[in-house]
Each structure stands twice: as structure tokens, then as C-alpha cells.
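So the chains spell out like this:
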Amino acid sequence: MEKRLSLLGATGSIGIQALDVAEKLHWPVTAMAAGSRVLPFEEQIRKFSPRVVAMADENAAADLKVRIADLPVKVTAGTEGLCEVASVANADMVLNSVMGVAGFLPTLAAVEAGHDVALANKETLVAGGAVVTDACQKHGVKLLPVDSEHSAIFQCLQGCPPHGKAKKLILTCSGGPFFGKTKADLEAVTLEQALAHPNWSMGLKITVDSATMMNKGLELIEAKWLFDMDPDDIDIIIHRESIVHSLVEYEDNSVIAQLGVPDMRIPIQYALTWPERVPSPVKPLSLAEAGKLTFFAPDHETFPAINLCREAIKRGGLYPAAVSGANEQAVALFAAGKLPFAAITPLVARILEHPWGAADSAEAVLQADRDSRQLLLELAGERV
Ligand code: NDP
Ligand code: MG
């Protein structure tokens, strides 16, 4: 069941692990895309020999073209290039692990080309869930979740008969580096502290999102779209050890969970090989070694981001796109030392004070993303 892959976000945390999985499966990678870092991308291209590659940054793409002039590879650039990689004819499946809303149009391009998509890029669904799920229906395309919680739910739903009813989805959450802290404790948080995630090694944006708990709010919205679930039927539980990756509660109150060591190569591989399971490079789970699994209710007072996202998806339309865009902008400001950590969620919450329209087209989604970033910049400017 070899599949030819197109991989977007190849040089990132998920991208590198996806290449490891593909290599061990002996699957070819026919197309690849990255953002702006030429050297690591060149190394990957030389190793995996794709036929088409893209870089979001035009200058980086021009530089890459010169560096790999000796290879039979087509180099493309910008959003158009990313979409070409996503819709390339000689791929059986696309894995999208681009960071942020930049992944939205490439996901749509893959779907419109009829490719199943293994989706790590959660911002695709948070910002444009309605547009993307409609396109999937129209083109008969599947979205396979890579995000560990959503992969867990997807796995727990495998035994569910077609008309069986999952009553609740329960997303687990590590609690991030600031579990147990108070609002006052968060005032002086540094970037270095925010990046010290207890269990997972990930890209910058998702690591900061995990520290604010915005990541779990975004995942709630992602779960609504992937599993067609009412947001009020999606619960969040803090689970410090990141061994139970999420759970499904059925009508009879039986609860099914998926467990494993915290290693993204399990959900990445399952998204690629589904419905089959094959041996993986990940070590087996030893519950005896884990010893104890702990669970806590989230502290919504200190971390209001989950409820903020719940409110956004309940309002619907472009509210989630606006929250996603504003958050991406706020995290970029925090990473650049221009916004304190404690200001991220309150500023993003102010986005909800504005009216946002219907999410009826890809252009409307992208406009809301741009407008919300601009608004966030203005709100951040007012602080000083
Ligand atoms: P990284 O920051 O590690 O990697 C991001 C990738 O996207 C890199 O290849 C980067 O290229 C590329 N990229 C960055 N900006 C752009 C752009 N504007 N256009 C095109 N490509 C771009 O992120 P992660 O791998 O951690 O996360 C990727 C996605 O997967 C996110 O949506 C995240 O929420 C999701 N995810 C990640 C998990 C994880 O464990 N890391 C777990 C679950 C979900 P370059 O290197 O050139 O900058
Ligand atoms: Mg996750």
C-alpha cells in the first residue's frame, strides 16, 4: 500500500518526523514545500529527490533554485508554488504541516485536486473549517487528523458503527509549562519559559499556544469540524503525562481512550497508513514505567483561551478565523519581545468585540485573517 507523498512544511517539527516515517515505510516523497530556510530544505531535497518543490519566500526560492541547479527539480515560489506542490498530479496523499494560516489555501488546493490530506496544520480548520469541509464533500476527499488528540479521537471512533452515537469528545491537554500558576505568576513570563514545554518538542507558535492554552481552544474548534460535533459536547481535561491522547464517551457512558508514549510519529503514521496499522519506530508504552496518570479540570480563570475559542466557534462565521489570525499576530509580537506573555489572550479576546461576517468563501476567510491581524496590531499599539 505504498503511497506517494507531497509534504508541505517539510523543514518543521512535524515535517522532519513525517520524513522519518516516510523513510521507514519506504514511501517516495514526490513534492515538498517549506517557508524560508534554504539550507535545511536543500539537504532534504538532496536526500528525498522530489520532482517539484516550493518555498513560500520568493527570495529563498530564487536562492534554492541556484543551489540545486544540478538536480532535475522544478522550483516554485509563494502561495501559488505551495498550491502547486499540494495539487501535484503524481501524489496519492498530501501531508500539510505548514505553520499558521499560510497552510489554508494549500489545503484547499490539495482537496480540489482530489488528494486526501493528512492534516497537521490546525489553522486550516480553525480559520476555514466550513469552506474546507464543504470542499472535501464536494470532491470526495478525506481529512486524516495528525494532531495527536484528534488522531486519538479518530482512532477511538474506528469501532463506532455508522449510526452509533459518540456523546462527548474529551480532549486531553498537558497543561503546558505554567500548569498550577496564577494570573499574577504569568505577568513576568519570558519567551524561554514559555518555550519549555514539559512533554512535546514542537515549533515555536504551537509551543507558545500550549503555554497560553490557546492551542487547546484551537483544537476544540478543529475537533468540531473534523468530527461534526457540537462545541458544548467537547470537553477538555488536563492530563500532565500526555499518555492518554484523548477519549470518546459513547451514549452508554462507556469511554474509549487511545494511549501511547508522546511521540508524534504515531499519529503521523496512522494518518498516512489508515485504515491499516503497520510497525512504527516509536517505542512501546510501559504503563508500569509511567506509574501514575493524573487528571485535573482546567483553570479557566488563569487560562481563558479555551473559553474564548469556544465562544468564537459558537458564534460561528468568521469569528474563529479572526481569533486565529489575531492569535498568530500576538504570538509573533511576543516572540519578537514586543508584547508580554500575559497580554496575548486578553488582546485576542478583544477581537470578539468586533462584528465578523459569514465564512462563505476562501477570500472572506483570508480577509478576516488580515483584518484581525491589523486590529491586533492596533490594540497592541494602544497598550504602550
Ligand atoms: P514548525 O514551526 O516547526 O514548522 C513549520 C513549517 O512550516 C516549516 O517547514 C516552515 O518552513 C514552514 N512555514 C513557516 N511559515 C510558512 C509560510 N508562511 N508558508 C509556508 N510554509 C511555512 O511548526 P510545527 O511543525 O510544530 O507545526 C506545524 C503545524 O502542525 C502547525 O499548524 C501546528 O499547530 C501543527 N501541529 C504540530 C505539532 C507538533 O508536535 N509540532 C502537533 C500537532 C499539530 P521554514 O523551516 O522554512 O521556516
Ligand atoms: Mg495537539
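Criteria and thresholds
- Residues numbered from 1 in each chain as written.
- Chains lettered and ligands numbered in written order.
- Predicted model: local features only at pLDDT ≥ 70, side-chain atom pairs only at ≥ 80, totals over all residues.
- Heavy atoms only, no water.
- 1 Å grid on protein atoms, 1.4 Å probe; cavity = no way out; pocket = protein on both sides within 12 Å on 5 of 7 lines; lining within 4 Å.
- Points joined across faces, edges and corners; volume = space filled by probe spheres on them.
- Nonpolar A, V, L, I, M, F, W, Y, C, P; charged D, E, K, R; others polar.
- Domains from an automatic or database assignment.
- Contact = heavy atoms within 4.5 Å.
- Buried area = accessible area lost by both parts, 1.4 Å probe.
- Salt bridge = Lys/Arg side-chain N within 4 Å of Asp/Glu carboxyl O.
- Polar contact = N/O pair within 3.5 Å; in protein donor to acceptor, adjacent residues only side chain to side chain.
- Helix = DSSP H or I, 4+ residues; strand = E, 2+ residues; numbered from the N terminus.
- Axes fitted to C-alpha atoms, helices over the stretch in contact; angles between N-to-C directions.
- Parallel < 35°, antiparallel > 145°, perpendicular 65-115°, else oblique.
- Near = heavy atom within 4 Å.
- Areas by Shrake-Rupley, 256 points an atom, 1.4 Å probe, with all protein chains shown as cover.
- Buried < 20%, exposed > 50% of the residue type's maximum accessible area, 1.4 Å probe, protein only.
- Pairing = 2+ DSSP bridges.
- Right-handed = clockwise from strand over helix to strand, strands pointing away.
- Disulfide = S-S within 2.5 Å.
- Expected span 1.5 Å × (residues − 1).

**Comments concerning the layout of surface pockets**
Logical step 1: Its volume calculated, the second largest pocket comes out at about 320 Å³.
Logical step 2: Partitioning the lining of the second largest pocket into residue classes produces 12 nonpolar, one polar and one charged.
Logical step 3: If you count residues domain by domain, the lining of the second largest pocket takes at least three from each of domain 1 (5-145) and domain 2 (148-177 + 208-300).

**Observations concerning the domain arrangement of the chain**
Logical step 1: Segmenting the chain into domains produces domain 1 (5-145) and domain 2 (148-177 + 208-300).
Logical step 2: With 22 residues of domain 1 at the contact, the number on the domain 2 side is 23 residues.
Logical step 3: Both sides of the domain 1 and domain 2 interface together cover about 2,100 Å² of buried area, and 78% of this is carbon and sulfur.
Logical step 4: Taken together, the links from domain 1 to domain 2 amount to two salt bridges.
Logical step 5: Where domain 1 packs against domain 2, one counts three residue pairs in polar contact (both at pLDDT 80 or more).
Logical step 6: Among the secondary structure elements, those contributing two or more residues to the side of domain 1 that touches domain 2 are helix H1 (13-25), strand E5 (93-96), helix H6 (122-139) and strand E7 (143-145).
Logical step 7: Ranked by residue count, the leading element in the side of domain 1 that touches domain 2 is H1, at seven residues.
Logical step 8: Across the side of domain 1 that touches domain 2, the residue classes tally to 15 nonpolar, three polar and four charged.

**With respect to the packing of helix H9 (residues 204-212) against helix H10 (residues 214-227)**
Logical step 1: Contact pair H9 / H10: the axes reach a minimum separation of 5 Å and the direction vectors enclose 100°. Classified by the angle their axes make, H9 and H10 are roughly perpendicular. Residues Lys-205, Ile-206, Asp-209, Ser-210 and Thr-212 of H9 pack against Met-214, Asn-215 and Leu-218 of H10.
Logical step 2: Residues belonging to the contact of H9 with H10 are distributed by class as follows: three nonpolar, three polar and two charged.

**Quick word on the site of ligand 1**
Logical step 1: Near ligand 1 there are 25 residues, and of these Thr-11, Ser-36, Arg-37, Glu-123 and Gly-203 occur at the shortest range.
Logical step 2: Residue Gly-9 places a main-chain N or O atom 3.2 Å away from an oxygen atom belonging to ligand 1.
Logical step 3: In the model, an oxygen atom of ligand 1 is placed 2.6 Å from a nitrogen or oxygen of the Thr-11 side chain.
Logical step 4: Computed on the free molecule, ligand 1 has an accessible area of 900 Å², of which 85% lies beneath the protein chains in the complex.

**Describing the pattern of salt bridges**
Logical step 1: Tallied over the entire structure, the rule returns 23 salt bridges.
Logical step 2: In this structure, the salt-bridge partner of Asp-70 is Arg-46, at a minimum N-O distance of 3.1 Å. On the criterion of sequence distance, the pair formed by Asp-70 in the loop between helix H3 (58-67) and strand E4 (74-77) and Arg-46 in helix H2 (residues 38-48) is long-range, its members being 24 residues apart.
Logical step 3: Of the residues examined, Asp-70 reaches a relative accessible area of 56% and is grouped as exposed.
Logical step 4: With a relative accessible area of 36%, Arg-46 lands in the partly exposed category.
Logical step 5: Residues joined in a network through salt bridges with shared partners are Lys-122, Asp-147, Glu-149, Lys-216 and Glu-219.

**Quick notes on the side chain of Ser-6**
Logical step 1: Looking at the secondary structure, you find Ser-6 in strand E1 (residues 5-8).
Logical step 2: At 2.8 Å, the side chain of Ser-6 and the backbone oxygen of Val-85 are in polar contact.
Logical step 3: Filtering out sequence-adjacent residues up to four positions away, Ser-6 remains in contact with Ala-31, Val-85, Ala-86, Val-88, Ala-91, Met-93, Val-94 and Leu-95.

**What to know about the pairing of strand E3 (residues 52-55)**
Logical step 1: Going residue by residue along E3, you find Val-52 and Ala-54 tucked away on one face and Val-53 and Met-55 tucked away on the opposite face as well.
Logical step 2: Direction of pairing for strand E2 (residues 29-34) relative to E3: parallel, over a ladder of four bridges. Opposite Ala-33, over in E3, you have Ala-54 as the bridge partner.
Logical step 3: Traced from E2 through H2 to E3, the parallel crossover comes out right-handed.
Logical step 4: Alignment of E3 against E4, held across four bridges, turns out to be parallel. Note that in E4 the partner of Val-52 across the bridge is Lys-74.
Logical step 5: With H3 bridging E3 and its parallel neighbour E4, the resulting β-α-β unit is right-handed.

**Brief notes about unusual backbone geometry**
Logical step 1: Pro-275 follows Trp-274 through a cis peptide bond whose omega is 5°.
Logical step 2: Tracing the backbone through its elements, the reader meets Pro-275 in the loop between helix H11 (265-273) and helix H12 (287-290).
Logical step 3: Non-glycine residue Ser-49 carries a positive phi angle of around 50°.
Logical step 4: Looking at the secondary structure, you find Ser-49 in the loop between H2 and E3.
Logical step 5: Judged by relative accessible area, Ser-49 falls into the partly exposed class, the value being 48%.
Logical step 6: The backbone phi angle of Asn-253 is positive, close to 70°, even though this residue is not glycine.
Logical step 7: As for its placement among the helices and strands, Asn-253 is situated in the loop between strand E10 (244-250) and strand E11 (255-259).

**Quick notes on the state of the cysteines**
A covalent bond between the sulfur atoms of two cysteines is what we call a disulfide.
Logical step 1: Evaluated as defined, the whole model comprises zero disulfides.
Logical step 2: The thiol sulfur of Cys-156 is not disulfide-bonded, and the nearest other cysteine sulfur, from Cys-160, lies at 11 Å.

**Notes on helix H14 (residues 319-335)**
Residues that lie three or four places apart on an α-helix share one face, since the helix turns once every 3.6 residues.
Logical step 1: If you check H14, its first and last C-alpha atoms are 24 Å apart, about what 17 residues at 1.5 Å a residue would give, namely 24 Å.
Logical step 2: Buried residues dominate H14, accounting for 15 of its 17 residues.
Logical step 3: At the exit of H14 stands Gly-337, carrying a positive phi of roughly 75°.

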